[in-house]
Amino acid sequence: MTKKDLINYTGTMQQLAYVREYVVCEGRANGLRMVEVKNGPLRFQAMADKCLDISALEFAGINISFTSKPGLNGRNPFDTHGEEALRSIMGGLFFTCGLQNICGPCETDGVEYPMHGRIRTTPAEHLCADAFWEDGKYILQVTGEMRESHLFGTNLVLRRTIRTVFGSNEIEITDVVDNQSDEAADLMLMYHCNFGYPFLAPGTRLVLPTKKVTGREDWSQAHIDCWQTASEPRAGETEYVYLHELASDEDGKSFAVIVNDDLNLGIRLGFDRKNQPYFMEWMSMKTGDYVIGLEPSNSSVYGRKYHEAQGTMHKIAPHSEEVFKLTFTVLQGEEIARAQKECEALKNNQKETEL
């Protein structure tokens with residue numbers, strides 16, 4: 001439908017799509033600023049006080065994302081301190097890890113780096129939530145800026161744009177990291193994307209253009225044949241982490257798909273391996289902690305200490321910018337089959353290129 005047709009039927013687009021700001025007023029999320037975006041059957045919430053990370057995603061009333069046992073959290077005194085981070089990591093569709101550390105907490109030269117970094121609990125400045133017509137399309141957009149800096153130290157700014165177009169089932173996240181300093185800075189960035197029940201259920205499967213997969217630890221390696229399909233929740237089950245080497249197209253683009261065949265529903269996660277060369281899978285089939293996480297990253301899952309020891313820490317140059325993009329696309333029916341064919345073609349094309 002055209003803009004004129006839609007307005008004739010509705011009078012206001014808020015009947016079909018909107019961007020709304022609100023504040024949570026209970027529990028550990030009390031005072032948390034949120035932005036809800038509804039795009040037809042697609043609905044999600046971005047946390048303005050937590051890096052504009054998306055806390056929840058649903059499609060046609062079906063929950064897609066994972067929320068951990070602590071539930072929705074605001075910014076608390078124990079947000080990032082050491083192992084206390086586990087009390088505030090609530091999952092969500094994704095949370096941003098970095099910008100100076102990902103994975104486990106560590107200390108270097110007297111400097112503490114908390115689990116998965118500090119940026120995930122950094123509130124947005126210059127927040128803008130908007131919905132507008134552009135070239136005949138109705139755009140729903142949220143933007144904001146998060147700063148990770150300290151006196152006599154780094155000065156990194158993350159500018160985030162979350163954008164979806166009415167009538168589409170895609171969410172696009174564009175992050176620009178700006179080093180506003182005269183010195184090069186360490187830059188670690190991982191998107192911790194999390195999927196939960198009922199989208200995640202026994203039989204939910206992963207479709208990845210994987211060339212090679214290895215377990216992070218011995219127990220993960222021992223269960224290497226289990227990485228592709230979710231089981232039922234099991235009491236006392238440990239978590240598994242798998243490292244994937246993915247194929248990409250000639251432009252460096254790659255993707256991952258997670259599919260629930262019973263619901264005829266899939267999610268395609270798109271990213272660029274040129275600046276996100278690492279990809280990890282986190283699988284927890286434990287009762288109460290039932291989740292699969294997909295994690296494109298510019299750094300290894302072994303974390304800061306690993307890169308320091310290997311001399312492979314990624315640096316962002318002084319007064320320069322790096323751009324990272326992530327897309328979530330809901331797939332149904334034939335779209336799932338096409339994604340599977342695309343995955344196989346990508347792997348086959350990669351093999352031919354290597355030969």
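Not measured: the values here are computed from a predicted model.

## Comments concerning the overall build of the protein chain
Regarding its fold elements, the protein chain presents four helices and 25 strands. Computed over C-alpha atoms, the radius of gyration of the protein chain comes to 20 Å, within 12% of the 20 Å expected from 2.2 N^0.38 for 355 residues, which places it in the range of a compact globule. When its C-alpha atoms are laid out on the principal axes, the protein chain stretches across 65 × 50 × 45 Å. Out of the 355 residues belonging to the protein chain, those deemed buried represent 54%. Intrachain contacts of the protein chain at a sequence separation of at least 6 include 63% that bridge at least 24 residues. Treating the 36 positive side-chain charges of the protein chain as one cloud and the 51 negative ones as another, the clouds have centres 3 Å apart.

## Some thoughts on the side chain of asparagine 298
Relative to the assigned elements, asparagine 298 resides in the loop between strand E23 (289-297) and helix H3 (303-310). Owing to a relative accessible area of 8%, asparagine 298 belongs among the buried residues under this scheme. There is a polar contact of 3.0 Å between the side chain of asparagine 298 and the backbone oxygen of leucine 187. One polar contact links the side chain of asparagine 298 to the main-chain amide nitrogen of leucine 189, over a distance of 2.7 Å. Dropping the residues within four chain positions of it, asparagine 298 is found in contact with Leu187, Met188, Leu189, Asn275, Gln276, Pro277, Tyr278, His314 and Phe324.

## Concerning the pattern of salt bridges
In the structure shown here, the tally under the stated rule is 21 salt bridges. Across the pair aspartate 53 and arginine 160 runs a salt bridge whose closest N-O atoms are separated by 2.8 Å. Linking aspartate 53 in strand E4 (residues 53-59) with arginine 160 in strand E13 (residues 155-165), this pair joins segments that are 107 residues apart in sequence. On the basis of relative accessibility, which here comes to 0%, the residue aspartate 53 falls in the buried class. By relative accessible area, arginine 160 is classed as buried at 1%. Glutamate 217 is paired through a salt bridge with arginine 216; the nearest N and O atoms lie 2.3 Å apart. Under the relative-accessibility criterion, arginine 216 is labelled partly exposed at 25%. Among the charged side chains, a salt-bridge network with shared partners connects Asp186, Arg304, Glu308 and Lys315.

## Describing the environment of valine 330
Assignment of secondary structure puts valine 330 in strand E25 (residues 321-332). Classification of valine 330 by relative accessible area gives buried; the value is 3%. Once you skip the residues sitting within four places of it in the chain, valine 330 turns out to touch Leu42, Phe59, Asn169, Leu265, Gly266, Ile267 and Glu335.

## What about the pairing of strand E16 (residues 188-195)?
The element E16 is largely enclosed, with a buried count of eight among its eight residues. Along E16, one buried face is formed by Met188, Met190, His192 and Asn194 and the opposite face, lined by Leu189, Tyr191, Cys193 and Phe195, is buried too. Sheet analysis places strand E8 (residues 94-99) next to E16, joined by six bridges and oriented antiparallel. Bridged to glycine 98 within E16 is leucine 189. As defined by bridge partners, E16 adjoins E23 across four bridges and the pair is classed as antiparallel.

## Describing the sheet that holds E23
In space, the six strands of this open sheet follow the order E8-E16-E23-E22-E19-E18, with antiparallel pairing throughout. The sheet terminates laterally at E8 and strand E18 (210-215), the two strands that pair on one side only. Ignoring strand direction, the axes of neighbouring strands in this sheet form an average angle of 20°.

## Observations regarding H3
The complete set of buried residues in H3 reads Gly303, Arg304 and His307. Projected down its long axis, H3 shows its buried positions confined to an angular sector of 130°, all on one face. Positive phi shows up at glycine 311, right after H3, with a value of about 70°.

## Here's the deal with the packing of aromatic side chains
Using the criterion set out here, one finds eight aromatic pairs in the structure. Measuring from centroid to centroid gives 6.3 Å for phenylalanine 94 and tyrosine 191, while their planes differ by 70°, and the two rings are edge-to-face. Of this pair, phenylalanine 94 sits in strand E8 while tyrosine 191 sits in strand E16, and the two are 97 residues apart along the sequence. A relative accessible area of 0% means that tyrosine 191 is categorised as buried. Here the aromatic cluster, defined as three or more aromatic residues joined through ring pairs, consists of Phe94, Tyr191 and Phe328. In this structure, arginine 20 packs its charged tip against the face of tyrosine 18, placed 3.7 Å from the ring centre.

## Describing the environment of aspartate 49
Tracing the sequence through the fold places aspartate 49 in the loop between strand E3 (42-47) and E4. Residue class for aspartate 49 comes out buried when judged on its relative accessible area of 13%. Sequence separation between aspartate 49 and leucine 32 is 17 residues; the distance between their C-alpha atoms is 6.2 Å. When near neighbours in sequence (up to four residues on either side) are disregarded, aspartate 49 contacts Gly31, Leu32, Arg33, Arg75, Thr121, Thr122 and Pro123. Within the structure, the side chain of aspartate 49 is placed 2.8 Å from the side chain of arginine 33, a separation counted as a polar contact.

Procedures and definitions
Residues numbered from 1 in each chain as written. Predicted model: local features only at pLDDT ≥ 70, side-chain atom pairs only at ≥ 80, totals over all residues. Heavy atoms only, no water. Helix = DSSP H or I, 4+ residues; strand = E, 2+ residues; numbered from the N terminus. Rg over C-alpha atoms; globule rule 2.2 N^0.38 Å. Buried < 20%, exposed > 50% of the residue type's maximum accessible area, 1.4 Å probe, protein only. Contact = heavy atoms within 4.5 Å. Lys, Arg positive; Asp, Glu negative; His and termini not counted. Charge placed at Lys NZ, Arg CZ, Asp CG, Glu CD. Polar contact = N/O pair within 3.5 Å; in protein donor to acceptor, adjacent residues only side chain to side chain. Salt bridge = Lys/Arg side-chain N within 4 Å of Asp/Glu carboxyl O. Pairing = 2+ DSSP bridges. Axes fitted to C-alpha atoms, helices over the stretch in contact; angles between N-to-C directions. Arc of directions from axis to C-beta. Phe/Tyr/Trp six-rings, centres within 6.5 Å; stacked < 30°, edge-to-face > 60°. Lys NZ or Arg CZ within 6 Å of the ring centre and 35° of its normal.

Read these as layout, nothing more, since geometry by itself doesn't imply function.
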